[in-house]
Amino acid sequence: MDEIIRAVAGGGFVSIAAISSRGLTERAKNIHKASRVCTAALGRVMAAASVFGSAMKRDGASVTVRVNGGGPIGTIIAVSDNLGNVRCCAGNPEIELPIRLDGKLDVGRAVGKNGTLTVIRDAVARKRDTNVISEHGGAVFNENEPYSGSTALVSGEIAEDFTAYLAESEQAGAACALGVLIGGDGIVRAAGGYIVSLLPDAPEDVIAAVERNIAETGYVTSVLDGGSAEELISRVMRGLEPKILSRDAVEYKCGCSRERVASALAGIGKKEREDIIAKGEDVEVTCRFCDAVYTFSPAEIKKISVN
Ligand SMILES: [Zn+2]
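About the criteria used
- Residues numbered from 1 in each chain as written.
- Predicted model: local features only at pLDDT ≥ 70, side-chain atom pairs only at ≥ 80, totals over all residues.
- Helix = DSSP H or I, 4+ residues; strand = E, 2+ residues; numbered from the N terminus.
- Buried ≥ 20, exposed ≤ 12 C-beta atoms within 10 Å, placed from the backbone.
- Axes fitted to C-alpha atoms, helices over the stretch in contact; angles between N-to-C directions.
- Parallel < 35°, antiparallel > 145°, perpendicular 65-115°, else oblique.
- Left-handed = near helix turned anticlockwise from the far one by under 90°.
- Contact = placed C-beta atoms within 7 Å.
- Nonpolar A, V, L, I, M, F, W, Y, C, P; charged D, E, K, R; others polar.
- Pairing = 2+ DSSP bridges.
- Domains from an automatic or database assignment.

### Quick word on unusual backbone geometry
With phi around 50°, Lys33 is a residue other than glycine that occupies positive phi space. Locating Lys33 in the fold gives a position in the loop between helix H1 (22-32) and helix H2 (36-54). Judged by the 11 C-beta atoms lying within 10 Å of it, Lys33 falls in the exposed class. For Glu241, which is not a glycine, the phi torsion comes out positive at approximately 50°. As for its position among the elements, Glu241 is in the loop between helix H7 (229-236) and strand E10 (243-249). Note on Glu241: 11 C-beta atoms within 10 Å, which makes it exposed.

### Considerations on the packing of H1 against H2
Relative orientation of the contacting elements H1 and H2 amounts to 135°, with a least axis distance of 9 Å. Comparing the axis directions of H1 and H2 gives the class oblique. Note that H1 runs across H2; the crossing there is right-handed. From H1, Leu24, Thr25, Ala28 and Lys29 reach across to H2, where they touch Thr39, Leu42, Gly43 and Met46. For the contact of H1 with H2, a count of residues per class yields four nonpolar, three polar and one charged.

### Quick notes on the sheet that holds strand E6 (residues 116-122)
On the basis of which strands lie adjacent, the open sheet formed by five strands has the order E5-E4-E3-E6-E7 and antiparallel pairing. Lying at the two open borders of the sheet, with one neighbouring strand each, are strand E5 (86-90) and strand E7 (147-152). Taking the axes of each pair of neighbouring strands and ignoring which way they run, one obtains an average angle of 10° across the sheet. The pairing of strand E3 (residues 62-68) with E6 spans seven bridges and is antiparallel. Across the sheet, residue Val67 finds its bridge partner in E6, namely Leu117. Along the sheet face, H2 touches E3, strand E4 (76-81), E5 and E6 and points at about 35° away from the line of E4.

### Some thoughts on the domain arrangement of the protein chain
With domains assigned, the protein chain is organised as domain 1 (3-249) and domain 2 (258-306). Counting residues at the interface gives six residues for domain 1 and seven residues for domain 2.

### Some remarks on H1
Burial of H1 is extensive: nine of the eleven residues sit out of reach of the surface. Of the positions making up H1, those classed as buried are Arg22, Leu24, Thr25, Glu26, Arg27, Ala28, Lys29, Ile31 and His32. Lining the buried residues of H1 we find strand E2 (14-20), H2, E5, strand E8 (173-182) and strand E9 (188-198). Taken from the residues just after H1, Lys33 is the one with a positive phi, measuring 50°.

### Considering the environment of Ile4
As for its placement among the helices and strands, Ile4 is situated in strand E1 (residues 3-9). Placed 198 residues apart in sequence, Ile4 and Ala202 show a C-alpha to C-alpha distance of 24 Å. Setting aside residues no more than four positions away along its own chain, Ile4 makes contact with Ala17, Ile19, Ser50, Val51, Ser54, Gly84, Ala229, Asp248 and Val250.

### Examining the environment of Asp205
With respect to the secondary-structure elements, Asp205 resides in helix H5 (residues 204-217). It is 9.4 Å that separates the C-alpha atoms of Asp205 and Gly10, two residues lying 195 residues apart in sequence.

Rendered as structure tokens:
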């Protein structure tokens with residue numbers, strides 16, 4: 001079962017959210033027919049998006065993460081609801097690259113690093129999925145407008161990029177580790193990671209302990225392969241008396257529906273719509289986040305255009 005566990009430690013100066021997301025990463029791989037390297041990229045982005053999303057309080061709130069590094073995978077988008085249920089898509093999820101010299105999947109090359117990591121927090125429910133990213137500058141948070149922050153990518157390896165994002169855009173002392181391990185049979189064996197946040201006035205010995213623990217923990221997938229998110233917390237918070245605050249199940253979940261697709265179709269151009277009607281054939285719309293296919297007859301298209 002995929003889950004997010006949150007804990008505080010080090011006398012309240014440190015908080016950690018750890019996620020184990022093997023199942024939802026495997027689901028994304030199957031929906032998008034993703035290659036190994038792209039599964040790893042999508043899995044890392046989704047794990048972070050899910051942790052961000054699950055921190056949103058209100059029903060209908062969402063977090064969208066966009067990674068646009070100029071690499072062959074294209075733009076990656078992951079969207080999480082306020083419970084941490086997440087979905088994703090990418091421009092070219094099927095591209096494969098040679099394994100790196102150290103035996104790791106070359107996520108950095110697939111993603112590229114000439115671009116940005118953008119996080120959009122939307123505190124209110126939207127009537128339809130626009131997935132059109134509007135850029136809102138400044139730090140003024142208006143509840144009715146999505147809040148968006150963006151930083152330059154560091155390596156395209158995702159975890160480093162999120163660490164930089166948290167430091168630069170949200171001024172948080174934070175460390176992020178993410179990983180996806182794929183077995184020889186092509187099945188995801190382990191996925192997930194953690195985000196550790198330190199309060200600005202955290203004592204030196206607490207900071208030192210966290211840094212030491214992070215170094216000793218190493219790759220998150222070596223803990224998650226056969227282990228759990230809770231084990232990740234006990235390793236990274238060793239000696240700091242972690243107290244678990246919450247434990248929430250998460251999954252790959254798409255909020256698409258016939259109504260939402262119909263309202264998106266209402267936004268296509270008049271000419272395009274007239275062409276569809278003139279052709280007299282059913283139109284199949286496949287959701288970009290899941291494998292749902294919606295079929296509309298020319299008569300229905302006509303009706304949508306009237307509304
Ligand atoms: Zn869908």
